[in-house]
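The lines below spell out each chain.
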Amino acid sequence: MYDLTLTFDNGPDPDVTPRVLDILGERGIKTTFFVIGEKLADPERRSLAMRAHGEGHWIGNHTFTHSIPLGQQKDSKTAENEIGRTQDAIGALAHPLRWFRPFGGGGNLDARLLKSSVVDHLIRNKHSCVLWNSIPRDWDDPDGWTERALDQCSRQPWTLMVLHDLPTGAMVHLGRFLDRAETAGACFRQDFPPQCVPIRSGEIALPINDYVSSIEESV
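Residues numbered from 1 in each chain as written. Predicted model: local features only at pLDDT ≥ 70, side-chain atom pairs only at ≥ 80, totals over all residues. Heavy atoms only, no water.

> Explain the overall build of the protein residue by residue, including any values.
From N to C terminus, the protein includes 6 helices and 11 strands. Taking 17 Å as the expected radius of gyration for a compact globule of 219 residues, we find that the protein reaches 17 Å, a close match to that expectation. Along the longest, intermediate and shortest principal axes, the C-alpha atoms of the protein span 50 × 40 × 30 Å. When each of the 219 residues of the protein is scored for burial, the buried share is 51%. Sequence separation of at least 24 residues holds for 80% of the intrachain contacts in the protein that already meet a minimum separation of 6. Looking at the protein, you have 23 positive and 30 negative side-chain charges, and the mean spots of the two groups are 2 Å apart. (Helix = DSSP H or I, 4+ residues; strand = E, 2+ residues; numbered from the N terminus. Rg over C-alpha atoms; globule rule 2.2 N^0.38 Å. Buried < 20%, exposed > 50% of the residue type's maximum accessible area, 1.4 Å probe, protein only. Contact = heavy atoms within 4.5 Å. Lys, Arg positive; Asp, Glu negative; His and termini not counted. Charge placed at Lys NZ, Arg CZ, Asp CG, Glu CD.)

> Go over helix α1 (residues 17-27), please, and point to the residues and values.
Taken residue by residue, α1 has Thr17, Val20, Leu21, Ile23 and Leu24 as its buried positions. On an axial view of α1, the arc spanned by its buried residues comes to 160 degrees, and they lie on one face. Facing away from the buried side of α1 by more than 90 degrees, the exposed set consists of Gly25 and Glu26. Immediately downstream of α1, the backbone of Gly28 shows phi near 70 degrees, a positive value. (Arc of directions from axis to C-beta.)

> So what about helix α4 (residues 116-124)? Which residues, and what values?
Residues that lie three or four places apart on an α-helix share one face, since the helix turns once every 3.6 residues. Those residues of α4 that fall on the buried side of the exposure criterion are Val118, Val119, His121 and Leu122. Along the axis of α4, the buried residues cluster in a sector spanning 160 degrees; they form a single face. A positive phi of about 55 degrees marks Lys126, the residue just after α4.

> Tell me about the side chain of Asn10, and name the residues and values.
Looking at the element boundaries, Asn10 is found in the loop between β1 (2-9) and α1. In this structure Asn10 comes out as buried when scored by relative accessible area, which is 11%. Once residues within four sequence positions are removed from consideration, Asn10 is found in contact with Phe34, Ile36, Lys39, His62, His66, His164, Asp165 and Leu166.

> Please set out the packing of α1 against helix α6 (residues 174-183) residue by residue, giving values where relevant.
Put simply, α1 and α6 touch, their axes get as near as 10 Å, and they point 25 degrees apart. One finds that α1 runs roughly parallel with respect to α6. As for the relative orientation of α1 and α6, their crossing is right-handed in sense. Each of Val20, Ile23, Leu24 and Arg27 in α1 lies in contact with α6, whose residues at this interface are Leu174, Gly175, Leu178 and Asp179. A per-class count over the contact of α1 with α6 returns 5 nonpolar, 1 polar and 2 charged. (Axes fitted to C-alpha atoms, helices over the stretch in contact; angles between N-to-C directions. Parallel < 35°, antiparallel > 145°, perpendicular 65-115°, else oblique. Left-handed = near helix turned anticlockwise from the far one by under 90°. Nonpolar A, V, L, I, M, F, W, Y, C, P; charged D, E, K, R; others polar.)

> Now, about the pairing of strand β3 (residues 58-61): what can you tell me, with residues and values included?
Of the pairings in the sheet, the one linking strand β2 (residues 32-35) to β3 comprises 4 bridges and is parallel in character. Note that in β3 the partner of Val35 across the bridge is Asn61. Each parallel crossover has a hand, and the one from β2 via helix α2 (residues 43-54) to β3 is right-handed. (Pairing = 2+ DSSP bridges. Right-handed = clockwise from strand over helix to strand, strands pointing away.)

> Residues and numbers for the packing of aromatic side chains, please.
Overall, the coordinates contain 6 aromatic pairs when judged by the stated rule. Both rings, one in Phe34 and one in Phe192, keep their centres 6.5 Å apart while their planes meet at 35 degrees; by these two values the pair is tilted. In this pair, Phe34 sits in strand β2 while Phe192 sits in the loop between β8 (186-188) and β9 (199-200), placing the two residues 158 residues apart along the sequence. The exposure class assigned to Phe34 is buried, which follows from its relative accessible area of 0%. (Phe/Tyr/Trp six-rings, centres within 6.5 Å; stacked < 30°, edge-to-face > 60°.)

Spelled out as C-alpha cells, the structure:
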C-alpha cells in the first residue's frame with residue numbers, strides 16, 4: 001500500500017483536459033491542475049478550469065508564460081508578471097492556500113525554481129509552494145512513462161506526481177496507469193506530502209536555499 005497524489009501541469013488543453021477529467025471522474029479521483037495563466041484568457045480553456053474546479057479538483061498557479069524558469073530571470077518584476085497575473089486570472093477558482101508550483105525546465109529541483117524576490121512575493125501574498133517527488137517524464141516519453149511512474153510510486157510511501165494535460169499522446173495511457181496503480185495498492189489522495197510544500201500560506205516551512213538562485217545579486 002502507498003499514497004499517491006496526482007497533479008497536472010501546463011494546461012488546460014481543449015483536446016486533452018476533458019478526457020483527463022472524464023477518466024478521473026470515472027474513478028472518483030481528485031487532483032490539482034497547475035494552470036498556465038495566459039491560457040486562461042481563452043474562454044474554452046477557462047471553462048475547462050471552471051469544470052475542473054466544479055468537479056472538486058484544486059486549481060494551482062504554474063506561472064503566466066512557462067517560458068524561462070523564474071530563478072533564471074533577471075527582471076525585477078518577474079514575480080508579479082508570472083505569479084501575480086496568473087493568480088488574478090485564476091480568480092475565484094483559487095484554493096484558499098493559494099497553491100503555486102514553479103518549474104525547473106524539465107523537472108529539476110534546484111536553484112532554477114525561485115529567486116529572492118519571488119520568495120518575497122510568495123510570502124507576502126500567502127502562497128503555498130508545491131514541489132514534487134515524482135517526474136515520470138510523460139511529455140518526453142508519451143508511451144513509456146507509465147512503467148516509470150509505477151516504479152517511482154513503489155519506492156516511496158507517498159508520491160506527489162507531475163503529469164501534463166498536454167497533446168503529447170501521453171494521457172491516452174492515463175486510465176490504464178490509474179488502474180494498475182490501484183491494483184498495486186495505491187491510495188489516491190488530493191493533499192500533498194509535507195516535505196513537498198516548503199512554503200505554506202506564506203510561511204517558510206522547510207529549508208529552501210537549494211531552490212533559490214542568486215541571479216538578482218549580480219544585477
